[in-house]
Amino acid sequence: MTQRTARLRRASLDAAPSITPERAVLMTEFYQANDGRYSVPVMRARSFLHLCENKAIYLGEDELIVGERGPRPKAVPTYPELTCHSIEDLQILNSRPKTSYAVSDECVRIYRDRIIPYWRGRSMRDRIFEAVSDEWRQAYDAGLFTEFMEQRAPGHTVLDDKIYRKGMVDFKREIAEAIAGLDWLGDPDAWAKREQLQAMAIACDAVLLFARRHAALALKQAAEARDPRRRAELEKIADVCTHVPAGAPRDFHEALQYYWFCHLAIITELNGWDSFSPGHLDQHLLPFYRKGLADGTLTPEAARELLEAFFVKFNNHPAPPKVGVTAAESGTYTDFANINIGGLLADGADGSNEISHLLLDIVDEMHLLQPSTNLQLSRKTPEALLTHALRVVRKGYGFPSIFNTDAVVEEQLRQGKSLEDARAGGCSGCVETGAFGKEAYILTGYFNLVKVLELTLHGGVAPRTGKQLGMRTAAADSFRTFDDFFAAFRAQLHYLIDVKMRGNQTIEQMYARLMPAPFLSVLTDDCIRKGKDYNAGGARYNNSYIQFVGIGSLTDCLAAVRQTVFDDKAMSLGDLVKALDANFEGSEILRRRLVNRTPKYGNDDDDADALAVRAFEALIEEVDGRPNTKGGRYRVEMLPTTSHIYFGSVTGAMPDGRKAGLPLSEGISPVQGADRRGPTAVFKSAAKMDHIKTGGALLNMKFTPALLADENGLENLAHLIRAYFKMDGHHVQFNVVRAETLRKAQAEPEAHRDLIVRVAGYSDYFCDLARDLQDEIISRTEHASLQLEGAPSARSSGDTP
Amino acid sequence: MAPHKDGYHRVNMGIEARKSSGAISDPPGAGAGQSGLVFDIQRYSIHDGPGIRTTVFMKGCPLDCWWCHNPESQSAEPEIVVSEGRCVRCGECLKVCPNGRVSGSAGAEGPPCTLCGACVAACPTGARKLAGERMTVGTCVAEVLKDRIFYEDSGGGVTFSGGEPLLQPRFLKRLLEACRGAGLHTAVDTCGFAPWDDLLAVAPLTTLFLYDLKGADSRSHMDHTGVSSALILDNLRALGAVHNNLWLRVPILPGLNDDDAQLEAMASLAASIAGVRQVNLLPYHQTGMHKFRQLGRAYRLEGLVPPSPERMEEVAARFRAFGLKVRVGG
């Protein structure tokens, strides 16, 4: 990395995240002055224009790519129109030990005096909680599911290649044409469409103004610069910001700056989940890279430095903190912007290129918390790119995660997308599949599968509160066969998914009418053509997802019930429930037997895995293909982010031997420590569920650095991944564990039973090793662990997206 | 290469384990090799031949190498093994033992364990296990075939190891036939101490032999492995003449087999055998020490320091000087 990059990187790592009231103040003053004057879309667009016109412009020393969402790096704005932080929220954010955000006294005062009085009761969050049913609220409070849109706007959006071909001037022309083409006599929605399209045009103007203000500041700084080199750089920045986003980019620098302006605009306009992502950056940049090298205006070194400056920009933008109960939890600064590397071209050819490798080098060298990166691995992806990615993976940052592009395409074809759109799509956030630039693929909330089982074991009553949350199903002792019991689980599932979905439909319509996103609509096909907002079904594709959590735990519970109660008849289900309600107090031997001697998902054991498939297929039947309010359909995803910790904390003891309050399994990974037959068995188990029917299924694997240290280990890891993907596996990511984890495993072996370590010429489960051998391996691992400078691991085992 | 279930130790040490002569056969009751004693089956085995493999560890070994890192695999009988790390001293095993003797300690008094397995079934933690399960060819191969998709991409397959797989020659032959029939790459990891006819019988079914060469000095070999090297060396020469894919696995044991004369002799021997494709030099490590101690047996290489990576490179260079393909490690 160059000295400049090192300075930019250091400055980004050293900057402390803080809350800035800037956006809240501007938004509030605009709403107070203009309430009722405009249609909703135009109001949103004009308030966005007000932000772009008045927010502080930052242009830091050494910077090449410019623009910050806040007045300075890591100053995070708030979105009171979506969720209005309370004074207590702000105080917790300021003082909590992990992932804190500095909140000044002035900010608290501004919130007390101006922001809260206006937005309390007007924010989307407040209105959503007013609008949903009692059943929904009860289930939500009990930890049956979460709701994404009570904290942030619909998001998970990724850009395609359109900005590399068109400037704002072009988009505005398209908008004008759409307005001119409105059928005022035949289309009852003509007025709504015109308002929406006008809002889009205003949003384009806002972004143009935002860029011009950067150009002006760059020129001002250039005039004051003493160093002629910096002066030249600033003049170049001014030139870049004058040309983009007005016109299509002319060179590599302009392409990156253009994307960055779009990124800032999207995450300033609203606070969409998972921020925003550039998608296939390597593919999009390639023409500019090659042209620059050919005509001598770019060198590989200069391109790399620009990309590094671009990466620093992502790292400067921590996730806006949540409000309410979740503020006390240690969240993450990661906002899940995710760059795709490799993949396919729309015509089906391999999409990887020299920039794919360059990006991997930068990930390796910079190891920043943000942006996330993922390798899109298709059958056509060269082995060299996979190996390169695995060399980065083995350093233990958890990046890049690896996706099966062929499965990702097939998933989208199943949803009815065109082949070209599917190939140009990919993954964002954690593991979510979408058609980049053409889809609103909305995550609606995590769903606690184990809690559904808990209700089934208690006739629909929540054991701790005594409230009837689920259906009134039969008492535990009345089930005569396992199939009867499973049928009751199915009935609870059906009822609770309906409760969740009714809430989803409500919230979806509220966002469509109350909180449009005009600029995001400009960048998403076919919002302009349809004259419809991104949040109202304007996108070409509109899938809504529910994220199911705990399939591993659920499977192990079902397997334990079947074996213990129905096969072995070792005890009645009623007695088992009593032991669970007592959190296994006085039945420790039973608990250990349940943990160690019942079939477990993750071991390629059909006894257990068939139950995983049965539960999974039930989810598909309940959810997949049901219509949402935007002309799209509901789909299933299997991913937890960190909700398996929260869900576990509100779920009692379970038949798999898990005590009350402990985490559930995450993604489609086995219960922590339950997989005992090595990685091939985990992959086999995981692939028994049909990932093609989902929009993403997350699998985490743990390895020690030594297992991957030599070329042999690396090659075989590549083979493992290819074989998993042959079985239609959607995604895998690797935690390369360090000595610290091994020490934890020594202290709590039951939670780390799946940890494989390289011993000597062979590998073994760490917890099965003699203590002194464990100590030896710890010392060895400590030695072999690579130092991670500055950035915390984004994907430690406890905090896995 | 030996089984990996470290941390377990056997409790019925009274059973005579080792064979001290060349009298090798399938265990009694094995029929015509339809079933055999399998100690463990390890999937994702990446150090026992090329690619991703499943290694079937067969129980029993005619040798008694001082450095053995799995001394519990030496006995050719099933045995109950206990993982101290998993045992929570709940006493469930004691309640069910017909002899009332189960204690988890190697030298317990009382009538010998009959391997009835009641304690294994009763154990709530899985700390007690029966090591040396009698498996049929069908069961064993079904387990091996579970990972076929991983073999295909990686050029992997199945490895039969031990113990010493040729201690159960008919069982091994049937396993190899079934695996080859299924189109798998097959490897046999052997110490070479077996009747020539048994080796010859499995050779056409074996894609790759992993053949141990533990020293060139016959006296030292006898001292440190308990058997003469003559049969092993004769077999190696004979096998190298009829089979074209052998990897020699040479443990490097400082002071025992790494003097100039022995290294020279082993390298020269390896180079003289047409079928030898590769030599794997395996640096001595102390893993076995912990296990010998757990078994209440004396570790006879106390204080022996593993060779440094630099030393291993030196040794590798000597082998390479003979034109051999050499790899340090499995």
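Okay, so let's go over this structure.

With respect to the pairing of strand E12 (residues 634-638) of chain A
Both faces of the sheet carry side chains from a regular strand, because those side chains alternate between them.
Next, step 1: Counting buried positions over the five residues of E12 of chain A gives five, a clear majority of the element.
Next, step 2: Side-chain alternation along E12 of chain A places Tyr634, Val636 and Met638 of chain A on one buried face and Arg635 and Glu637 of chain A on a second face that is also buried.

Considerations on the pattern of salt bridges
Next, step 1: Following the criterion strictly, the structure yields 74 salt bridges over all chains and no others.
Next, step 2: Close ionic contact of Arg297 of chain B with Asp64 of chain B constitutes a salt bridge, the shortest N to O distance being 3.6 Å. With a gap of 233 residues between them, Arg297 of chain B in the loop between helix H10 (287-294) and helix H11 (309-320) and Asp64 of chain B in the loop between strand E3 (53-58) and strand E4 (79-83) connect regions that are remote in the sequence.
Next, step 3: Among the ionic contacts, a cluster of salt bridges with common partners joins Asp604, Asp606, Asp609, Arg677, Lys684 and Lys688 of chain A together with Arg43, Glu143, Lys146 and Asp147 of chain B.

Things to note about the side chain of Gln733 of chain A
Next, step 1: Relative to the elements of secondary structure, Gln733 of chain A occurs in strand E15 (residues 731-736).
Next, step 2: At a separation of 3.3 Å, a polar atom in the side chain of Gln733 of chain A contacts the side chain of His731 of chain A.

Considering the nonpolar core
Residues and elements named next belong to chain A.
Next, step 1: If you look at the biggest cluster of nonpolar residues, it comprises 219 residues, and the most contacted ones within it are Phe252, Leu307 and Phe519.
Next, step 2: If you tally residues by element for this core, the top one is helix H9 (residues 190-224), at 17 residues.
Next, step 3: Once residues within four sequence positions are removed from consideration, Phe519 is found in contact with Phe48, Met168, Ala203, Cys204, Val207, Cys262, Ala265, Ile266 and Glu269.

Observations concerning the sheet that holds strand E11 (residues 544-549) of chain A
Paired through backbone hydrogen bonds, the strands of a sheet run either parallel or antiparallel to each other.
Residue and element names in this part refer to chain A.
Next, step 1: The strand order across the open sheet formed by four strands is E10-E11-E12-E13, and the pairing between neighbours is parallel. Either end of the sheet is taken by a strand with one partner, and the two such strands are strand E10 (442-448) and strand E13 (694-697). Across this sheet, the average inter-strand angle for adjacent strands is 25°, counted without regard to direction.
Next, step 2: Here E10 runs beside E11; their pairing, made up of five bridges, is parallel. Within the sheet, the bridge partner assigned to Tyr446 lies in E11 and is Gln547.
Next, step 3: Along the sheet face, helix H18 (residues 449-457) touches E10 and E11 and points at about 40° away from the line of E10.

Here we look at the sheet that holds strand E7 (residues 401-404) of chain A
Residues and elements named next belong to chain A.
Next, step 1: Reading across from one edge, E5-E6-E7-E15-E14 is the order of the five strands in this open sheet, with mixed pairing throughout. At either end of the open sheet lies a strand with only one pairing partner, and these are strand E5 (338-342) and strand E14 (700-703). Along the sheet, successive strands turn relative to each other by an average axial angle of 30°, direction set aside.
Next, step 2: Relative to E15, E14 runs parallel, the two being bridged by four bridges. Bridging across to E15, Phe703 finds its partner in Val736.
Next, step 3: The strands touched by helix H16 (residues 405-414) are strand E6 (372-377) and E7; relative to E7, the strand with the most contacts, the crossing angle is about 55°.

Things to note about the packing of aromatic side chains
Residues and elements named next belong to chain A.
Next, step 1: One pass over the structure, following the stated rule, counts 31 aromatic pairs over all chains.
Next, step 2: Geometrically, the ring pair formed by Phe148 and Tyr446 is tilted, given 5.0 Å between the ring centres and 50° between the ring planes. Residue Phe148 is found in the loop between helix H7 (134-141) and strand E3 (157-158), and its partner Tyr446 is found in strand E10; the two are separated by 298 residues along the sequence. Across the pair, Tyr446 and Phe148 agree in class, each one buried.
Next, step 3: Between the NZ or CZ atom of Arg562 and the centre of the ring of Phe482, over which it lies, the distance is 5.6 Å.

Calculation notes
Residues numbered from 1 in each chain as written. Chains lettered and ligands numbered in written order. Predicted model: local features only at pLDDT ≥ 70, side-chain atom pairs only at ≥ 80, totals over all residues. Heavy atoms only, no water. Buried < 20%, exposed > 50% of the residue type's maximum accessible area, 1.4 Å probe, protein only. Helix = DSSP H or I, 4+ residues; strand = E, 2+ residues; numbered from the N terminus. Salt bridge = Lys/Arg side-chain N within 4 Å of Asp/Glu carboxyl O. Polar contact = N/O pair within 3.5 Å; in protein donor to acceptor, adjacent residues only side chain to side chain. Core = buried A, V, L, I, M, F, W, Y, C linked by side-chain atoms within 4.5 Å. Contact = heavy atoms within 4.5 Å. Pairing = 2+ DSSP bridges. Axes fitted to C-alpha atoms, helices over the stretch in contact; angles between N-to-C directions. Phe/Tyr/Trp six-rings, centres within 6.5 Å; stacked < 30°, edge-to-face > 60°. Lys NZ or Arg CZ within 6 Å of the ring centre and 35° of its normal.

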